[in-house]
Structures are given as C-alpha cells and as structure tokens.
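One-letter residues, chain by chain:
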Amino acid sequence: MKSLLIPVQKLQPSDRTAMYALLQNHFKGITWDGFQLDLERKNWVLLLRDETSNALKGFSTLMLCQKTFLREKISVVYSGDTIVDPSAWSSTTLPRCWIAAINFLRQHYAENKLYWLLICSGFRTYRFLPTFWQDFYPRYDVTTPNNVNNLMGNLAQEYYGSLYQEATGIIRFPHPQTLREGLIEIPSGRQTNRHIQFFQEKNPDYRLGDELVCLTEINYDNLTLAGKRMWQSKSFLESVQDSVLI
C-alpha cells in the first residue's frame with residue numbers, strides 16, 4: 001500500500017466520501033454530519049491506498065497543536081477516526097506510515113516534547129501502545145504517575161469537555177460509534193493477554209463505544225524494538241505540506 005499525509009483542507013470531496021464509506025462499513029452510529037464535524041476539528045489526515053487500484057484501504061485523522069502545561073510549552077497530537085479495512089490487517093503499512101507521519105510532523109511542526117493523546121474503544125487500538133511504545137499510560141503493570149495523570153486529564157478535559165470522566169479516565173459520547181459485529185470481539189486466545197485484560201477492566205463498556213484516554217511521549221528513545229524498526233523503515237509516505245498548525 002501507499003500512504004499520503006495531507007492537511008484536512010486539501011482533501012478532495014472524493015476523499016471525504018471514501019473515508020465516510022469506509023467508516024460506515026466497519027462502525028455503527030456513523031453520520032455524515034458527525035464525521036464532518038470530527039474531521040474539521042483535525043488538521044492532518046493519513047490516507048492509505050491500494051497501490052494497484054488506488055482504493056482507500058484506511059486512514060487516520062490527527063490534530064497537532066501547541067499547548068502550555070505547568071508553564072512548559074509542549075506539542076500534542078490528538079488521534080481521531082482511524083480505520084483499516086480487514087483485508088489489509090496483515091500489512092504493517094498503518095503503524096509504519098503512522099509513525100513516519102508523526103516523525104515528519106515532529107520534525108517540521110512540533111516544539112519541545114511531543115505527546116500523543118489516544119482514545120481507545122477497541123483492544124486493537126490499545127494494543128498499538130505496548131507494541132510500539134515503552135512508556136505509556138494507563139497500563140496494567142505500572143501506576144500512572146501523578147504528573148502524567150494530570151497532563152492526560154488536562155488535555156482530555158480541554159479537548160473533550162464534559163464528555164471526559166475524570167474518575168474513570170473514560171470519554172462517553174452521546175452518540176457513540178461502535179465497531180460492527182465480527183470486528184469488536186476479542187479473538188479466542190487473546191483474552192489472556194495482560195494488556196487486553198487491562199483494557200477490558202479499565203473500559204468495561206467499550207462495546208458500547210466508551211473510549212479510554214491514553215497518553216505517551218513520542219520520541220525515539222521511548223520506542224520498543226518493533227517501534228524503532230518502524231521508525232527506521234522505508235514507509236513510502238508522501239506528504240503535502242502546508243501551514244496548518246494551530
């Protein structure tokens with residue numbers, strides 16, 4: 001597959017239509033207005049396309065912005081809608097190109113430390129963290145440090161407002177989107193994975209669309225060996241640069 005990192009305002013109408021169709025095929029509760037509203041709150045989109053047919057096989061929306069927390073200037077990436085068609089699950093294109101995209105944004109637009117705020121309503125999304133990052137929160141084997149918990153809560157509260165439940169670390173949307181049957185179930189044999197067990201414990205209503213707020217710092221030293229291979233590998237990432245940073 002090939003990938004393109006593009007500012008939201010440079011998306012073609014056909015791109016938006018294909019993105020919406022891909023979401024509808026895999027999620028329940030998707031509406032055009034809701035999709036457009038979420039997209040307009042982001043400033044970058046990573047598109048994954050089949051090299052032969054050019055058909056859209058996946059995408060991930062991103063919001064990169066600058067913040068000040070405890071008098072320190074930081075950069076933050078918020079993840080939005082992310083989906084890969086099951087026909088491409090065996091490919092490493094999404095993680096490889098996503099990491100390449102974040103590295104590109106870090107080099108060209110980020111200032112100081114760069115954090116990734118991720119919300120997870122599915123175990124596959126949460127598994128991205130232990131697979132590619134050494135330190136991330138929350139997790140089963142380490143208590144979240146107070147400073148990290150405060151930063152995570154501050155960012156979630158600022159972006160999601162009253163939808164964020166501080167006591168549980170959960171975001172509950174009034175009209176959630178949920179994975180369709182066959183995609184949301186945890187496969188047999190995966191239930192014993194401690195990271196997946198923890199995700200279920202922390203987000204017991206994930207099947208209803210509840211999202212668990214997670215945070216990690218994006219830098220090379222925080223990558224696992226698998227993450228470093230992705231960081232260093234050839235990604236076939238193309239980018240359309242623009243001054244879209246907020």
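All values reported here derive from a predicted model rather than from experimental measurement.

1. A closer look at unusual backbone geometry
Right, on to step 1. The omega torsion across Tyr-137 and Pro-138 is -5°, close enough to zero to call that bond cis.
Right, on to step 2. Here the phi dihedral of Leu-70 falls at roughly 55°; this positive angle occurs in a residue that is not glycine.
Right, on to step 3. Note on placement: Leu-70 falls in the loop between strand E4 (56-69) and strand E5 (72-84).
Right, on to step 4. On the basis of relative accessibility, which here comes to 70%, the residue Leu-70 falls in the exposed class.

2. Here we look at the confidence of the model for the chain
As a general rule, the predicted coordinates of low-pLDDT regions are not to be interpreted in detail.
Right, on to step 1. For the chain, the mean per-residue pLDDT works out to 88, and 93% of the residues sit at or above 70.
Right, on to step 2. Summarising per-element confidence for the chain, the mean pLDDT is lowest in strand E12 (residues 237-239) (70) and highest in strand E7 (residues 136-137) (98).
Right, on to step 3. A low-confidence stretch, residues 242-246 (pLDDT under 50), is modelled with 20 contacts involving residues beyond four sequence positions or located in other chains.

3. Notes on the nonpolar core
One broad trend across soluble globular proteins is that nonpolar side chains are buried collectively.
Right, on to step 1. Counting 60 residues, the largest nonpolar core has Phe-59 and Trp-98 as its most contacted members.
Right, on to step 2. Ranked by residues supplied to this core, first place goes to helix H3 (residues 93-108) with 8 residues.
Right, on to step 3. Discounting residues that sit within four places of it in the chain, Phe-59 has contacts with Met-19, Leu-22, Leu-23, Phe-35, Val-45, Leu-46, Leu-47, Asp-81, Thr-82 and Ile-83.
Right, on to step 4. Counting 21 residues, the second-largest nonpolar core is a separate cluster that includes Tyr-137, Leu-155, Tyr-164 and Val-213.

4. So, the packing of aromatic side chains
Right, on to step 1. Counted by the stated rule, this structure contains 16 aromatic pairs.
Right, on to step 2. Ring geometry for Trp-32 and Phe-35: centres 5.6 Å apart, planes at 45°, overall tilted. Taken together, the positions of Trp-32 and Phe-35, both in helix H2 (residues 32-40) and 3 residues apart, correspond to about one turn of that helix.
Right, on to step 3. Taking the relative accessible area as the measure of exposure, Trp-32 reaches 33% and is therefore partly exposed.
Right, on to step 4. With a relative accessible area of 3%, Phe-35 lands in the buried category.
Right, on to step 5. Between Tyr-126 and Phe-136, the aromatic rings sit 6.2 Å apart at their centres with planes inclined by 75°, giving edge-to-face as the arrangement. Taken together, the positions of Tyr-126 in helix H4 (residues 123-132) and Phe-136 in strand E7 put the pair 10 residues apart, joining distant regions of the chain. Here the two residues Tyr-126 and Phe-136 agree in accessibility, since each one is buried.
Right, on to step 6. Here a set of aromatic residues connected by ring pairs shows up, and it is made of Tyr-126, Phe-136, Phe-198, Phe-199 and Tyr-206.
Right, on to step 7. Seen from the ring of Tyr-159, Arg-41 lies directly overhead, with NZ or CZ sitting 4.0 Å from the centre.
Right, on to step 8. Just above the ring of Phe-136 sits the side chain of Arg-139; from NZ or CZ to the centre is 4.3 Å.

5. Description of the pattern of salt bridges
Right, on to step 1. Counted by the stated rule, this structure contains 7 salt bridges.
Right, on to step 2. For Asp-38, the salt bridge identified is with Lys-42, shortest N-O distance 3.1 Å.
Right, on to step 3. Owing to a relative accessible area of 5%, Lys-42 belongs among the buried residues under this scheme.
Right, on to step 4. A salt bridge links Asp-205 to Arg-172, with the shortest nitrogen-to-oxygen separation between them at 3.6 Å. One end of the pair, Asp-205, is in the loop between helix H6 (194-202) and strand E11 (211-217); the other, Arg-172, is in the loop between strand E9 (170-171) and strand E10 (178-179), with 33 residues separating them in the sequence.
Right, on to step 5. Of the residues examined, Arg-172 reaches a relative accessible area of 39% and is grouped as partly exposed.
Right, on to step 6. Salt bridges sharing common partners tie together Arg-172, Asp-205 and Asp-210.

The rules behind each value
Counting restarts for each chain, with residues numbered from 1 along the sequence as it is written. In view of the model being predicted, local features appear only for residues whose pLDDT reaches at least 70, and side-chain atom pairs are presented and counted only at 80 or more, with totals across whole chains, interfaces and linings using the full set of residues. Remark: hydrogens and water are excluded; side-chain values derive from all non-hydrogen atoms of the structure. A run of H or I in DSSP counts as a helix once it spans at least four residues, and a run of E counts as a strand once it spans at least two, with each numbered from the N terminus. Exposure is judged per residue with a 1.4 Å probe applied to protein chains only, and the accessible area is read against the type maximum: over 50% gives exposed, under 20% gives buried, and values in between give partly exposed. pLDDT measures how confident the predictor is about each residue, on a scale from 0 to 100. Residue contacts are counted whenever heavy atoms from the two residues lie within 4.5 Å of one another. Here, nonpolar core means buried Ala, Val, Leu, Ile, Met, Phe, Trp, Tyr and Cys residues that are tied together by side-chain atoms lying within 4.5 Å of each other. Pairing of aromatic side chains here covers Phe, Tyr and the six-membered ring of Trp, requires ring centres within 6.5 Å, and sorts the geometry by plane angle: under 30 degrees stacked, over 60 edge-to-face, intermediate tilted. Charges are assigned to positions over rings by a cutoff of 6 Å between ring centre and Lys NZ or Arg CZ, combined with an angular limit of 35 degrees from the ring normal. Put simply, a salt bridge is a Lys or Arg side-chain nitrogen that is within 4 Å of an Asp or Glu carboxyl oxygen.

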